[in-house]
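Tertiary structure, described
So you can see what is in the structure, the chains are spelled out below.
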Amino acid sequence: MATWWQSGAIYQVYPRSFQDSDGDGIGDLKGIEARLDHLVALGVDALWISPIFPSPMADFGYDVADYCDVDPRFGTLGDFDELLAAAHARGLKVLLDFVPNHSSSAHPWFRESRASRDNPKRDWYIWRDPAPDGGPPNNWISDFGGSAWEWDAVTGQYYYHAFLKEQPDLNWRNPALRAAMMDVLRFWFDRGVDGFRIDVLWHMVKHAQFPDNPPNPAYRPEMGGMHAVLQLHSTDQPEVHAIAAEMRRIADGYDGDRVLIGEIYLPVERLMHYYGREAPEVHLPFNFQLIEATWDARHLAALIDEYERALPPGGWPNWVLGNHDRPRIASRVGERQARVAAMLLLTLRGTPTIYYGDEIGLADVAIPRDRVQDPRELREPGLGLGRDPVRTPMPWNDSEHAGFTSGEPWLPLGPDWSTRNVAAQGGDEASMLALYRRLLHLRRKHAALAVGDFRLIEAEGDVLAFERRHGDERIVVALNLGAEPQPFALPEGDVLASTRGGTPKSGVLRGDEGVVFLARPA
Ligand code: GLC
């Protein structure tokens, strides 16, 4: 029997932008609760909520000042309990975002750590003496540009931050820190959460000697400063696996199939290690290949094949088209192909994660310079690295501010919100939303789609076709990744879904057409 996180679909809520309930222009927990029925109607099984914890919001919640509470902008612990109960009452699971690599510099632990060199929490963070010339201890670069080391004049050492200086890295080699963070997992599991998405899991342990990272021969400045070196010694260290395994043991100690999903950007071979070799680690190391892929049939076929082959025995696959850090799929491949992409995401073998707004085909929103919020953009402007464009408010209807807030939204809505919104698409059989609902419904109805085997049929020209099979049930998915018609012979049977609606023509896929087909048993 498949577990819920294998057969089901996950939906990512970016809480600042989902639904505001109190008019401050920032989404909140009560807002999410008010919109749960959208998720039920959509047909997803779980929501993952990006960080909701008390935070100075230097990195919009990925700078946590208290791991066991809720930021007042989002509500209270009581609101969270209510949301969790309301979700569970609807059969929805709830995942939180665990941010173990770094805390906020406003966390009481860091305040203590920086107070003096002999503070008991000094070693909970990563402190090093300056290099002989007084500069930073090594050449490591923050993912947001610039040195990853910040000088602390009071105690005369540098501390390490893989992201902002307001996000000092925690020292997972310290047993007391490690125990305190494991207790955070228990705190939320005890409250009833169904799992976690673990932020930058592969960053958690650094090389014990802090050697320089090697220069990146492919570096070009427009890639962003972080790419000047390869993160050989600052990420993906062997010791991280025992930590992930400990998190897994904690999750497995609870009833009801709690799940751990790791955020890991690594080549497939190294990604697979996070399923666990000596002991189980995360259930799902996020597979971001579709986010980074060129939209080409042969390329996609090759990466799907490579991923499927690389999975360890018992390792369950997963797929992602977008998240709060990367350009939206509708902007990457265009509106018509975004429908084909949705069909791919929801028919591949493995757990799909849907980014909020993608179900109505939301595109990146251009942010006027004076409204930029994201520190990624503010620190390295103009390179297109900013993430505000993918974090804009969810348009629910055509009322003022799209039904998102009664106040001024923290980021602007896209130009098309009055027509591209949940209410408008909900009544339109040809809409993106209708397609998402249809595909998610099919996954629930057909075991071949939810848990069946995968076999590639064709990757020729613009056509990508594959088969899903479970017992006697055989489903064929044929996708035209281009705008021109392509020859493709569908088998005998019934069309279950099409990205273009109407009746597919025999022997040909129309431009931008994807078809899900139930083959008649031979
Ligand atoms: C992850 C998050 C991203 C955040 C970073 C630092 O990559 O997805 O939004 O900025 O970690 O926490």
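Everything below is about the structure printed above this text.
Described in the following lines is the structure provided in the data block. Note that the coordinates shown come from a computational prediction; the quantities given were computed from them, not determined experimentally. Within each chain, residues carry numbers counting from 1 in the order of the written sequence. The predicted nature of this model means local features are confined to residues of pLDDT at least 70 and side-chain atom pairs, given and counted, to a pLDDT of 80 or more, with totals for whole chains, interfaces and linings taken over all residues. For side-chain calculations, the full set of non-hydrogen atoms in the structure is used, while hydrogens and water are omitted.

**Here we look at the pattern of salt bridges**
Salt bridge, as applied in this entry: a Lys or Arg side-chain nitrogen positioned within 4 Å of an Asp or Glu carboxyl oxygen. One pass over the structure, following the stated rule, counts 38 salt bridges. Residue Asp79 pairs with Lys30 through a salt bridge whose shortest N-O separation is 3.0 Å. On the criterion of sequence distance, the pair formed by Asp79 in helix 4 (residues 77-89) and Lys30 in helix 2 (residues 29-34) is long-range, its members being 49 residues apart. For Lys30, a relative accessible area of 42% corresponds to the partly exposed category. Notably, a salt bridge pairs Asp255 with Arg258, separated by 2.9 Å at the nearest N-O pair. Three labels apply to residues, based on accessible area from a 1.4 Å probe with only protein chains included: buried if under 20% of the type maximum, exposed if over 50%, partly exposed otherwise in between. Taking relative accessible area as the criterion, Asp255 reaches 56% and is therefore assigned exposed. Overlapping salt bridges, with partners in common, bring together Asp59, Asp325, Asp374, Arg387 and Arg391 in one network. A run of DSSP states H or I qualifies as a helix once it reaches four residues; a run of E qualifies as a strand once it reaches two. Both are numbered from the N-terminal end.

**Considering the packing of aromatic side chains**
Under the pairing criterion, centres of Phe, Tyr and Trp rings, with the six-membered ring standing for Trp, must be within 6.5 Å; the plane angle then separates stacked pairs below 30 degrees from edge-to-face pairs above 60, leaving the rest tilted. The final tally for this structure, using the stated rule, is 30 aromatic pairs. Pairing Trp140 with Phe210 gives two aromatic rings, centres 5.3 Å apart and planes at 40°, and the pair type is tilted. With Trp140 in the loop between strand 4 (127-128) and strand 5 (149-152) and Phe210 in the loop between strand 7 (195-198) and helix 7 (240-252), this pair connects stretches of sequence that are 70 residues apart. As far as burial versus exposure is concerned, Trp140 and Phe210 are alike and both buried.

**Section: the site of the ligand**
Throughout this document, a residue counts as near a molecule or strand when at least one of its heavy atoms sits within 4 Å of that molecule or strand. Surveying the vicinity of the ligand reveals 14 residues, the closest of which are Asp59, His102, Asp199, His324 and Asp325. Nitrogen and oxygen atoms within 3.5 Å of one another constitute a polar contact, given that in protein one can donate a hydrogen and the other can accept it, and given that sequence-neighbouring residues count only through two side-chain atoms. Between the ligand and His102 there is a distance of 2.8 Å, counted from an oxygen atom to a side-chain nitrogen or oxygen. With respect to the ligand, the side chain of Asp199 contributes an N or O atom lying 2.9 Å from an oxygen atom. In these tables, accessible area is a Shrake-Rupley quantity obtained with a 1.4 Å probe, and a residue counts as shielded only by the protein chains included in the view. The fraction of the free accessible surface of the ligand (300 Å²) that becomes covered by protein chains is 96%. Method remark: on a 1 Å grid restricted to protein atoms, a set of points is classed as a cavity if a 1.4 Å probe fits but cannot get out and as a pocket if it is open with protein on both sides within 12 Å along at least five of seven lines; lining residues have an atom within 4 Å of a point. Grid points define the cavity or pocket, and a molecule sits in it when more than half of its atoms lie within 2 Å of them. Here the ligand occupies the largest pocket. Side-chain classes are defined by residue name, with Ala, Val, Leu, Ile, Met, Phe, Trp, Tyr, Cys and Pro counting as nonpolar, Asp, Glu, Lys and Arg as charged, and the others, Gly among them, as polar. Considered class by class, the residues forming the shell around the ligand number four nonpolar, three polar and seven charged.

**Notes on the sheet that holds strand 6 (residues 157-160)**
By definition, two strands form a pair when at least two bridges between them are found by DSSP. In space, the three strands of this open sheet follow the order 4-6-5, with antiparallel pairing throughout. At either end of the open sheet lies a strand with only one pairing partner, and these are strand 4 and strand 5. Bridge count between strand 4 and strand 6: two bridges; the pairing is antiparallel. Within strand 6, the residue paired with Trp127 across the bridge is Tyr159.

**A few points about helix 15 (residues 432-445)**
For a helix, the expected span equals 1.5 Å multiplied by the residue count minus one. Here helix 15 is 14 residues long and its end C-alpha atoms lie 20 Å apart, about the 20 Å a rise of 1.5 Å per residue gives. Among all positions in helix 15, only Met432, Leu433, Ala434, Leu435, Tyr436, Leu439, Leu440, Leu442 and Arg443 are buried.

**Remarks on the packing of helix 6 (residues 175-191) against helix 7**
Closest axis-to-axis distance for the helix 6/helix 7 pair is 10 Å, and the angle between their directions is 30°. The angle between the axes of helix 6 and helix 7 places the two elements in the roughly parallel class. Between helix 6 and helix 7 lies a crossing whose hand is right-handed. Where helix 6 abuts helix 7, its residues Arg178, Met182, Leu185, Arg186 and Phe189 lie against Ala242, Ile243, Glu246, Met247, Ile250 and Ala251. Of the residues assigned to the contact of helix 6 with helix 7, the class counts are eight nonpolar, no polar and three charged. A fitted line through C-alpha atoms represents every axis, and for helices the fit uses only the stretch in contact; the resulting angles, taken between N-to-C directions, go from 0 to 180 degrees. These descriptions rest on fixed angle ranges, namely under 35 degrees for roughly parallel, over 145 for roughly antiparallel, 65 to 115 for roughly perpendicular, and the rest for oblique. Here a crossing is called left-handed whenever its near helix is offset anticlockwise from the far helix by less than a right angle, and right-handed whenever the offset is clockwise. Contacts are residue-level and defined by heavy atoms, with any inter-residue pair within 4.5 Å sufficient.

**Quick notes on the layout of surface pockets**
There is about 1,200 Å³ of room inside the largest pocket. Of all the secondary-structure elements, those providing two or more residues to the lining of the largest pocket are helix 8 (268-272) and helix 9 (289-292). Class assignment for the residues of the lining of the largest pocket results in 23 nonpolar, eleven polar and eleven charged. Per element, the largest residue contribution to the lining of the second largest pocket is five residues, and it comes from helix 15. When grouped by side-chain class, the residues that make up the lining of the second largest pocket number six nonpolar, seven polar and six charged. Grid points are joined across faces, edges and corners, and a volume is the space filled by probe spheres set on the points.

**Structural notes on unusual backbone geometry**
Of note in this structure, Phe210 is not a glycine but carries a positive phi near 50°. What makes Phe210 buried here is its relative accessible area of 13%. With phi around 50°, Asp257 is a residue other than glycine that occupies positive phi space. With respect to the helices, strands and loops of the structure, Asp257 is situated in the loop between helix 7 and strand 8 (259-262). The partly exposed category is assigned to Asp257, whose relative accessible area is 41%.

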